[in-house]
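Given next are the chains, with one letter for each unit.
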Amino acid sequence: MIRLYGKVEQSVMDEKILQEAVEEQGPKEEAGQISKEEGISFNAVLQLRLEYKNILKIEHLWEFTSLTKLQLNNNLIQKIEGLANLTNIKWLDLSFNNIEKIEGLETLTKLEDLTFYNNKISCIENMDTLNNLTFFAIGNNCLGQLDNVIYLRRFKNLHTLNLAGNPLAQEANYKLFIAAYLSDLAYLDSRLLNGETKKQAFAKYQYAIEEIRHNELQTLKATEAEQKRQEELQQHQEAFVENLNGSELFDSMFAQDPEAQKLNQLPGVADLVQTFKPQLVGLCIQMFESGFAEQKLREAEVKAFLEVLQEAVREKQQRSAQLVSDFEKHRKKRILDLKQVEDAAKEEAQVNQYMTEIKTLCDSCLLLELQLVDQLEEIIKDFERNITDMVGSFIETVQGIFAQCRDLENHLHEEIKDIAMATLEKVAKNEVEDNLPDDVRALFVDKETVMNAVGASHDSHMLRIDNREDKLVTRINAWMMNLIKKIQDEEVWRNRKCISEIQYFIQHLRNQLEEVLHQE
Amino acid sequence: METLLELEEKEDEGGGIEQKELSPQELLDGEKAVNINITSPGDTPFGRTKPVNLSECPSAYHHNSPQEKQLLVIADNFSSQYSHIFPSRKPLFLCPLNECGVKSPVCLIQKFVSTTLRSTMLPYSGLYDWDNCASFVADHLVLQALDPPIEPPRRLISPTLLLETQTGTCFDVSTLLCSLLLGAGYDAYCVTGYAVREMCLLDQSRQECPLLVGEVEVQVEGTSAEDERQVRKYAVKPPRELRSNFERAQQELKEQEARAELLRRQQEAQRLQEELERSPPDPLQGQMLHCWVLVLAGKREIRDHFFIDPLTGKGYALGDESFLGVEALWNQHNYWVNMQDCGRGCSDMEYNLGDTTMWESVLFRITEKEEEEELEEEEVWSEEPKPFEMPRSWVDTIALSKQDLERRWPGGSRSTQYRKAKLEQFTPYLLPDGLVTRLTTYTDLECEEVDVVREWYQNRLDHLEERELQRATNVTIERFSPGCKLKLKTHSYVSLAPGTERRMDFHSGACPDGLLRRVETPGQMEETFDHRDDLLYSRHVFYARSPEGGSQEPGGRPLERVVERFHRDAAKAAREDVAERVFLFAEGSIEVTFHLEDDRIIPVRRSFVKPRVLPDGQRAESWRPGMVTGYQGDPHEDPPKNVYLYEMLTALMDEEEKVALQIKHSETEVREILATREREESNPELRISIYDTARNEKVQRYREDMIRAQEESQKQVKKEIDLLAPFLARLGDPEVLSSQQAQKVLEDCLANQRMRMIEQDQILQARYDKETQALQHEQKRYQINQLNMSKEEEERYHAYCSETVFKIGVIKQRQSRHKEITPQKHLALKEKLIRDPRLAPHL
C-alpha cells in the first residue's frame with residue numbers, strides 16, 4: 001500500500017531477515033527438516049539472496065565467511081560497506097540500488113562477477129585488488145568520462161563489460177575507444193566485439209595504445225627489477241653476508257666520519273685510503289663467498305636431515321596404519337559375533353578377548369611411537385651437533401677475516417698518525433702548503449687535537465667493523481637456535497598429536513564396545 | 001707361369017720333390033678319369049624341387065673359354081704338386097664340375113671354384129647388410145648333406161641354378177652367400193675346412209632357440225638395474241631387537257647347512273642334466289667337411305674378421321669352437337691354401353693372405369698394398385709378362401624375384417628343431433589366419449611333453465599379435481597391438497565362454513572410461529582404471545553366492561558388495577577426500593573411508609545404514625542421526641552437521657545405483673567382447689595395405705574398373721554420329737524400314753551430301769571471285785594514280801598485291817582438292833550406308 005503512494009518502507013538487515021532468507025534458500029524437503037531441527041550456522045552458507053527487501057544499509061553479514069554468491073539487488077543501498085569479511089565471494093550483485101561510489105571491495109580478491117547495473121556511480125575506482133574480475137556490469141549509471149574506462153585495463157581476465165545507458169555511451173567513438181583500450185574484451189554491452197571492430201579500433205587509436213603499452217611495459221620491467229633485487233638481498237641475508245659483496249662496509253666506515261674527511265685532505269692520506277679500500281673490499285668479498293658456500297652446505301645438511309626424519313616418520317606411520325587397518329578388518333566380525341552371542345559366560349570371554357586385542361593394538365602403536373621418538377631424538381642430537389659445528393666454524397672464519405680487517409684498519413691508523421705528526425711538525429715550522437683548507441688547518445693547533453681527531457676516526461671505523469661482525473654472529477646464532485627449537489617443537493607436537501590420536505581411537509573402540517553391550 | 005715358378009722354388013726348398021708339368025693331353029685324360037667317377041651309380045642328381053631345363057643355360061655353362069682352360073691346367077698342376085708334397089692332406093677342392101652335362105657325360109665341364117663366384121648386388125635394401133643377407137640365404141635354401149661327409153662334393157652348381165632349385169650342399173650355399181656379400185662390398189671369402197657335426201648337418205637340436213635366448217637376457221637386464229642406494233649422512237638406528245645372540249647364531253648355522261645342501265643337490269641335478277644332454281661322441285670328429293664364409297675387416301666398416309655359417313646365417317668369432325680347421329679359401333680373384341697348423345682349432349690362425357708362409361696362392365697376384373708400390377716400379381719392369389688374371393665368372397647374373405624374397409622359405413614355411421623347442425616359420429599371408437611364427441617349447445629333451453605353444457601373427461584385422469597357450473594350466477594368453485577395435489592389450493583365459501576366469505588388459509587411454517584391466521574370478525570381478533576425472537582406480541565386485549549352485553545367466557547375479565578405491569585428490573582436504581567406499585548391497589549399508597591426513601595413522605570412517613525402502617519406492621522410515629556411525633578422527637573438531645551427513649548419504653545412494661548400472665554394463669561389455677572374439681577367431685581376416693597392389697583385391701578391382709571406364713569413355717568419343725538420324729526423323733522414326741523407305745532414305749542422304757559438296761564448291765568459288773575482283777580493282781587504281789603516289793602508298797599496294805595473290809592461290813588449291821575428294825567421299829558414304837544394318841536388308 002505504501003509503495004503505491006511513492007513512499008517506501010525501509011527495512012533493516014537484522015538477524016531475523018537473514019535467518020528467514022537462509023532457511024528459505026537452504027536445503028529442501030527432508031534435508032530441510034533435518035537442518036531446521038539442527039539449526040543452520042551462517043558461516044557454512046554458500047549463497048544468499050536478499051533482493052526486493054528495501055534494505056538501506058548492509059549489516060550483519062560478517063558471519064557469512066564462506067559465502068561465494070551474494071545478491072543484494074533491488075534494494076535501497078546507498079553505500080557499499082560491511083562486506084570486508086566475505087573474502088570467498090565470487091559473485092556480487094548490487095544492481096538497482098542507490099550507490100554513488102565504488103568502495104569497500106578491497107578484501108574481496110576472489111571476486112569474478114560484479115554487477116552495479118542501475119546505480120548512481122560516476123567514476124570507476126577503488127577496485128585495484130580485484131585481479132580475478134571477468135564480468136563487470138556498470139550500465140545505467142552516471143559515468144561520463146570515457147578516459148575513466150582505461151582504468152579497466154588492469155583486469156587481464158575481463159572479457160565481458162556492460163556500460164550501456166551511461167552518458168559516455170552516447171559519445172561517437174565509444175565503441176571503438178573501448179575496443180581499442182580493452183583489446184582482450186570479448187563482449188561489450190552483450191554484443192560480441194568481432195575482429196573487424198577491433199582492427200578498426202586499433203587503427204584509430206594505434207599511437208595512444210602503443211604509448212600506453214610501452215609505459216605499462218616499462219613499469220612492469222621496473223617492478224620486476226625491483227623484485228629481483230629484493231630476492232637477491234633476501235638470499236644474501238639468508239647467508240648472513242648481505243652487503244658484503246662490495247664496498248658497502250668501507251663506505252659506511254668513511255661516510256659517517258667527519259674526521260676522516262678532514263684527514264683525507266692531508267697529503268698522502270688519500271693515497272693510503274685508496275690502497276686501503278681494495279684490500280678491505282677484497283676481505284669483504286672473501287667473507288661473502290665463504291658465507292655463500294657455507295650456506296649451501298648448511299642447506300644440504302638441513303635437507304639431508306629432514307629427508308631422513310620425514311622418511312622415518314612416514315615409515316612408522318605406514319606401519320601403524322597397517323596395524324590399525326588389520327585390526328579394522330576383524331573388528332566388524334567381532335562386533336557381529338558379540339551381538340549374536342547369548343550365553344553370558346561366552347559373551348564375557350569374547351568381551352575380554354576383544355578388550356585384550358584393543359589393548360594389544362594400543363600397546364603396539366605406542367611401542368612404535370616410542371621407538372620413533374628414541375630414534376628421532378638421536379638424529380636430532382646428531383643434527384644439532386653438526387649444525388652447531390658448522391656455524392661455529394663459519395663464525396671462526398668470519399671472525400678471522402674481521403680480525404684481518406681490524407689489522408688493516410690499525411695499520412691505516414698508524415700511517416695516518418705518522419702523516420698527521422709530520423704535518424703537525426710542518427705546521428709548527430710553517431712549511432705547509434697553502435691549499436690546506438681552514439677547518440683542516442684548525443686541527444693542527446696542537447698535538448692533542450690532532451691525535452684526538454685521528455683517534456676518533458679510528459675508533460669510529462673500528463666500531464663499524466665490530467658492529468658488522470656482531471650483527472653477523474648474532475643473526476646466525478639466532479637462526480641456528482630458531483631452527484633447532486623449531487625442529488624440537490615440531491617433534492614434540494608430532495609426538496603429542498600421535499599419542500592423543502591413539503588414545504582417542506582406543507577410547508572410541510571402547511565406547512563402541514560399551515554401546516554394543518548396552519544395547520543388549 | 002710366374003706363380004708356378006715361384007711355387008716350384010718353394011717346393012725345392014721344402015723337400016726337393018720332383019716336379020712334373022702336365023701336358024694338356026694328360027689333363028684331358030684326367031678329366032676322363034673323373035668322368036667315369038661321376039657317372040658312377042652312387043652319384044645321385046641333386047634333390048631338385050623344380051624341373052630345370054639345363055639346355056637353356058648360356059653357352060658359358062657348357063663350354064670353357066681358352067682362359068678357363070688355361071686356368072684349369074694351372075690348377076691341375078698346382079693340385080698335383082700339392083698332393084705330391086702333402087700326401088697326408090686331403091686333395092684340394094679346386095675344379096669341381098658344374099651342373100651342366102649331367103645328361104651327356106661327354107661334355108662335362110670343370111670349372112675353377114673362384115669363377116663360380118659371381119659378385120652380384122641384388123636390388124633389395126633388405127639384403128645389403130651381411131646379417132640380413134646371410135639369414136635370408138640360410139632361410140631360402142635347403143641343405144643337401146655331403147655324402148660321404150668327409151669328401152668334398154664332386155660338383156659345384158652355379159648360384160643361379162641354386163636359387164631355382166633351392167637345394168644345395170654347403171659349398172653351393174657358401175658360394176651364393178659369398179657372391180652376394182662380395183656384391184654388397186664386403187671382403188668375403190669361401191672357406192673350406194672342418195667343423196663339428198652339428199654345424200655340418202645343420203642340427204640345431206642342441207642349441208637354445210634364439211627367440212628364447214633373447215628373452216632370458218632381457219630379464220637379466222631388468223634385475224641388474226636395481227641396486228642403487230645413495231649414502232646418507234643421517235640414518236635412524238633400527239630398534240633394538242631383544243633376542244638371544246646365541247640362538248641366532250645357531251639358527252644361522254642351520255640355515256647355512258641347509259643352503260649348502262640345497263646347492264649341492266642343485267649342482268648334482270645340473271650335472272646329471274648336462275650329462276644327459278651331451279651329444280653322443282662323433283666318430284668323424286674333426287674330419288667332417290664344411291664350407292663357410294669368412295669376412296675380413298676393412299671394408300664396409302667391419303672392425304674384426306669373422307665367420308658366417310651359411311646354413312644358419314649366424315656370425316661367429318674366429319675362435320669359435322665349432323670350426324675345427326681350415327683347408328683353403330677363395331674369392332673371385334684367387335685361391336689360397338692354408339699352410340698353418342690347425343691342430344688346436346682356428347683360434348690362432350692368421351689371415352694375412354699376402355704372407356706366403358701361411359697362405360699359398362694358386363695364382364700369383366699382388367695384394368692391394370703391394371700394388372701401390374708396384375705401380376711406381378711398373379715402368380722399369382714393364383717387359384715382364386703380365387701375371388695370369390682370373391677369368392671372369394662363367395655364371396650368369398644372379399637374379400631373385402620379389403616373390404621369392406617375400407616367400408623367404410622354400411615353399412613359404414620352415415620348421416626348425418632346437419633344444420626343447422620347435423620353431424615353425426611361415427611367410428606372411430601364406431596361412432589364412434595370418435600365422436607367421438609358432439614356437440613350441442617342451443619340458444623334456446625328447447620333445448614329447450608340450451610346455452608352451454606361442455604363436456605370432458601378422459596383418460590380422462583384429463590386431464592379434466601373439467597367442468600363448470600354456471599346456472600345464474591350459475591358459476591362453478592373447479596379445480593385441482594398439483588399434484584393436486576391442487581396445488584389448490592382452491587377454492588371458494581358459495575358455496571363451498562368459499562367466500569363466502579371465503583377465504583382460506586394455507590399452508592405456510583407449511577406453512573412454514579409463515579402464516585398464518578387468519580380472520574375473522569365480523564370484524568376483526575386479527576392474528582397474530587409470531586417468532579418471534573422479535580418481536577412481538579400482539572397483540572390486542563380489543557376487544553373492546547363488547543359492548542353487550550358480551545361475552546360468554551371469555547378468556542376473558546378485559551383488560554382495562562392491563569396493564571402490566580412489567586416489568588422493570589434492571584439491572580436497574584429506575579428511576573429506578574419499579579413499580574407499582564399500583557398498584554392502586546385501587546388508588543395505590555403505591561404508592566410506594577417507595584418506596589419511598599427513599601425520600595420522602587412523603583414517604576417518606563413516607558407515608551409513610540405508611533407510612529401508614518399500615517396494616513402491618517410498619521410504620519406510622525417516623532418517624535418524626543414529627544411522628551414521630564412524631570414527632571422527634580429530635577429537636577437537638565439531639562433529640559434522642546432520643544435514644551434511646544426510647546429503648552425503650543421499651549422494652552415496654545415487655552413486656550406488658550408478659555403480660550397479662556400471663557393473664551391468666561391464667558384464668554386457670565382457671559378453672560382447674567374447675562374442676566378437678569368437679567370431680573373429682572362427683573367421684580370421686587379414687589386413688591388406690592399400691599399397692599392396694598384388695594382394696589387395698579391392699584396389700585391384702578398383703584399378704581394373706578405372707581402366708575399363710577409361711576405355712569405354714574413349715570408345716564413346718570415337719562412336720560416330722548417326723548419319724541417318726535426320727532422314728529417319730523425317731519419316732517419323734519408324735521401327736522397321738520398308739524397302740521403299742530405305743531406298744528413299746539412301747537417296748536423300750546421298751543427295752544431301754551432294755548438295756553440301758556443291759554448296760562448299762560454290763562458297764569457294766565466291767571467295768575466289770571476290771578476291772580476284774578486289775585485286776583487279778586495286779590494280780586499276782594503281783595504274784591510274786601510279787604517277788602521283790607516295791612511296792609508302794606504293795609499298796602498301798605491292799604488299800597488298802602479293803598477299804591477295806597468295807590468298808587466291810590457296811583458294812585455287814582448295815578448290816582443286818575439293819573436286820578431287822568429292823567423288824571419293826560420295827563413294828565412301830554410299831558404301832557405309834549400304835552396310836548400315838537398318839538399310840542393308842533392303843538394298
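Residues numbered from 1 in each chain as written. Chains lettered and ligands numbered in written order. Predicted model: local features only at pLDDT ≥ 70, side-chain atom pairs only at ≥ 80, totals over all residues. Heavy atoms only, no water.

Q: How should I be thinking about the overall build of chain A in this particular structure?
A: Scanning chain A from terminus to terminus reveals 10 helices and 8 strands. Classification of the 520 residues of chain A by burial places 41% in the buried group. Sequence separation of at least 24 residues holds for 57% of the intrachain contacts in chain A that already meet a minimum separation of 6. Working note: accessible area of chain A is about 29100 Å², and carbon and sulfur atoms make up 50% of it. (Helix = DSSP H or I, 4+ residues; strand = E, 2+ residues; numbered from the N terminus. Buried < 20%, exposed > 50% of the residue type's maximum accessible area, 1.4 Å probe, protein only. Contact = heavy atoms within 4.5 Å. Areas by Shrake-Rupley, 256 points an atom, 1.4 Å probe, with all protein chains shown as cover.)

Q: What is the right way to look at the overall build of chain B in this model?
A: If you tally the helices and strands in chain B, you get 18 helices and 25 strands. Across the 843 residues in chain B, those meeting the buried criterion constitute 38%. About 50900 Å² of surface is accessible on chain B, with carbon and sulfur atoms providing 51% of the total.

Q: Looking at this structure, I do not really get the nonpolar core. What am I missing?
A: Soluble globular proteins tend to pack their nonpolar side chains together in the buried interior. Counting 83 residues, the largest nonpolar core has Tyr335(B) and Tyr351(B) as its most contacted members. When residues in this core are grouped by element, the largest group, 9 residues, is from helix 8 (residues 170–183) of chain B. (Core = buried A, V, L, I, M, F, W, Y, C linked by side-chain atoms within 4.5 Å.)

Q: Looking at this structure, how should I read the packing of aromatic side chains?
A: Under the criterion given, the structure shown has 32 aromatic pairs over all chains. Its end group placed over the ring of Tyr457(B), Arg460(B) keeps NZ or CZ at 5.0 Å from the ring centre. (Phe/Tyr/Trp six-rings, centres within 6.5 Å; stacked < 30°, edge-to-face > 60°. Lys NZ or Arg CZ within 6 Å of the ring centre and 35° of its normal.)

Q: Mind showing me how you'd approach the sheet that holds strand 8 (residues 191–192) of chain A here?
A: Within a sheet, neighbouring strands are paired by backbone hydrogen bonds and run either parallel or antiparallel to one another. Residues and elements named next belong to chain A. Read across the open sheet, the 8 strands follow the order 1-2-3-4-5-6-7-8; overall the sheet is mixed. Strand pairing shows two members of the sheet lacking a second neighbour, strand 1 (47–49) and strand 8, which therefore form its edges. Direction of pairing for strand 1 relative to strand 2 (residues 69–71): parallel, over a ladder of 3 bridges. Bridging from a neighbouring strand, Leu-48 pairs with Leu-70 of strand 2. (Pairing = 2+ DSSP bridges.)

Q: Got a minute to help me understand the interface of chain A and chain B in this structure?
A: How big an interface is tends to be stated in terms of the accessible area lost upon association of its parts. Facing the 36 residues of chain A at the interface are 33 residues of chain B. Across the interface of chain A and chain B, roughly 3200 Å² is buried in total on both sides, 57% from carbon and sulfur atoms. On the surface where chain A and chain B come into contact, there are 2 salt bridges. Two residues, Arg605(B) and Glu328(A), come together in a salt bridge whose shortest N-O distance is 3.2 Å. For the interface between chain A and chain B, the tally reads 4 residue pairs in polar contact (both at pLDDT 80 or more). Mapped by element, the contributors of at least two residues to the side of chain A that touches chain B are helix 2 (29–38), helix 7 (269–340), helix 8 (344–428) and helix 10 (447–519) of chain A. With 13 residues, the top contributor of residues to the side of chain A that touches chain B is helix 7 of chain A. Partitioning the side of chain A that touches chain B into residue classes produces 16 nonpolar, 9 polar and 11 charged. (Buried area = accessible area lost by both parts, 1.4 Å probe. Salt bridge = Lys/Arg side-chain N within 4 Å of Asp/Glu carboxyl O. Polar contact = N/O pair within 3.5 Å; in protein donor to acceptor, adjacent residues only side chain to side chain. Nonpolar A, V, L, I, M, F, W, Y, C, P; charged D, E, K, R; others polar.)

Q: In this structure, what is going on with the sheet that holds strand 9 (residues 359–361) of chain B? I would like to understand it.
A: Residues and elements named next belong to chain B. Across the sheet, which stays open at both edges, the 7 strands sit in the order 6-5-4-3-7-8-9 with antiparallel pairing between neighbours. Whereas interior strands pair on both sides, the edge strands pair on one side only; in this sheet they are strand 6 (314–316) and strand 9. Across the sheet, the mean angle separating the axes of adjacent strands is 35° when strand polarity is ignored. Taken together, the 6 bridges between strand 3 (residues 187–195) and strand 7 (residues 323–330) define a ladder with antiparallel strand orientation. Among the inter-strand pairings, Ala-195 is bridged to a residue of strand 7, identified as Phe-323. Where helix 8 meets the sheet, it contacts strand 3, strand 4 (289–296), strand 5 (306–309) and strand 7, and its direction lies at approximately 10° from that of strand 4. (Axes fitted to C-alpha atoms, helices over the stretch in contact; angles between N-to-C directions.)

Q: Sorry if this is basic, but what is going on with the pairing of strand 13 (residues 450–457) of chain B here?
A: Within a regular strand, side chains alternate between the sheet's two faces. Residues and elements named next belong to chain B. Pairing of strand 12 (residues 435–442) with strand 13 involves 7 bridges; the strand directions are antiparallel. Considered in strand 13, the bridge of Thr-440 is made with Val-453. What sits between strand 13 and strand 14 (residues 464–470) in their antiparallel hairpin is a turn of 6 residues, with Asn-459 showing a positive phi close to 60°.

Q: I tried to follow the pairing of strand 17 (residues 502–506) of chain B on my own but got confused; where do I start?
A: Residue and element names in this part refer to chain B. Counting buried positions along strand 17 yields 4 of 5 residues, so the element is predominantly enclosed. Of the pairings in the sheet, the one linking strand 16 (residues 488–493) to strand 17 comprises 5 bridges and is antiparallel in character. Across the sheet, the residue bridging to His-491 is Met-504, located in strand 17.

Q: Would you explain a negative patch on the surface in this entry?
A: A contiguous patch of negative charge on the surface is contributed by Asp14(A), Glu15(A), Glu20(A), Glu23(A), Glu24(A) and Glu63(A). By secondary structure assignment, the location of Glu24(A) is in helix 1 (residues 15–25). (Patch = residues over 30% accessible without salt bridge, like charges linked within 9 Å, V, L, I, M, F, W, Y side chains within 5 Å. Lys, Arg positive; Asp, Glu negative; His and termini not counted. Charge placed at Lys NZ, Arg CZ, Asp CG, Glu CD.)

Q: Can you walk me through a nonpolar patch on the surface in this structure?
A: Residues and elements named next belong to chain B. A contiguous nonpolar surface patch, about 340 Å² in accessible area, is contributed by Tyr-702, Met-706 and Ile-707. By the secondary structure assignment, Ile-707 is in helix 15 (residues 697–718). Look at Ile-707 and you get partly exposed, because its relative accessible area is 44%.

Q: It is not clear to me how the packing of helix 5 (residues 248–255) of chain A against helix 7 of chain A should be interpreted in this structure. Could you clarify?
A: In a packed pair of helices, the relevant descriptors are the angle between the two axes and the axis-to-axis distance. All names here are of chain A. For the pair helix 5 and helix 7, interaxial distance at closest approach is 8 Å and the crossing angle is 135°. On the basis of the axis angle, helix 5 is oblique to helix 7. The residues of helix 7 that touch helix 5, namely those facing Leu-249, Phe-250, Met-253 and Phe-254, are Val-273, Phe-276, Lys-277, Leu-280 and Cys-284. (Parallel < 35°, antiparallel > 145°, perpendicular 65-115°, else oblique.)

Q: Can you help me understand the state of the cysteines in this one?
A: By definition, a disulfide links the sulfur atoms of two cysteines through a covalent bond. Taken as a whole and judged by the stated rule, the model has 0 disulfides over all chains. In this structure Cys178(B) is not part of a disulfide, and its nearest cysteine sulfur, from Cys190(B), lies 3.9 Å away. (Disulfide = S-S within 2.5 Å.)

Q: When you look at the confidence of the model for chain A in this model, what are you seeing that I'm missing?
A: The predicted structure's coordinates, where accompanied by low pLDDT, should not be read in detail. In this model, chain A carries a mean pLDDT of 86, and residues with pLDDT of at least 70 account for 98%. Across residues 1–5 of chain A, where pLDDT falls below 50, the model places 4 contacts with residues more than four positions away in sequence or in other chains. (pLDDT = per-residue confidence, 0-100.)

Q: Where do I start with helix 4 (residues 195–238) of chain A in this structure?
A: Side chains three or four residues apart in an α-helix point the same way, a direct result of the helix having 3.6 residues per turn. Residue and element names in this part refer to chain A. The end-to-end C-alpha distance of helix 4 is 51 Å, clearly below the 64 Å that 44 residues give at a rise of 1.5 Å each. Every buried residue of helix 4 is listed here: Thr-197, Ala-201, Tyr-205, Ile-209, Ile-212 and His-236. As for helix 4, its buried residues are in contact with helix 3 (174–181) and helix 7. Just downstream of helix 4, Phe-240 is the residue with a positive phi angle, here 65°. (Expected span 1.5 Å × (residues − 1).)

Q: Which parts of the structure should I look at to understand the environment of Phe505(A)?
A: On the secondary structure map, Phe505(A) appears in helix 10. In this structure, the C-alpha to C-alpha distance between Phe505(A) and Cys362(A), residues 143 residues apart in sequence, is 8.9 Å. Among residues more than four places away in sequence, those in contact with Phe505(A) are Val324(A), Glu328(A), Leu361(A), Ile602(B) and Tyr631(B).

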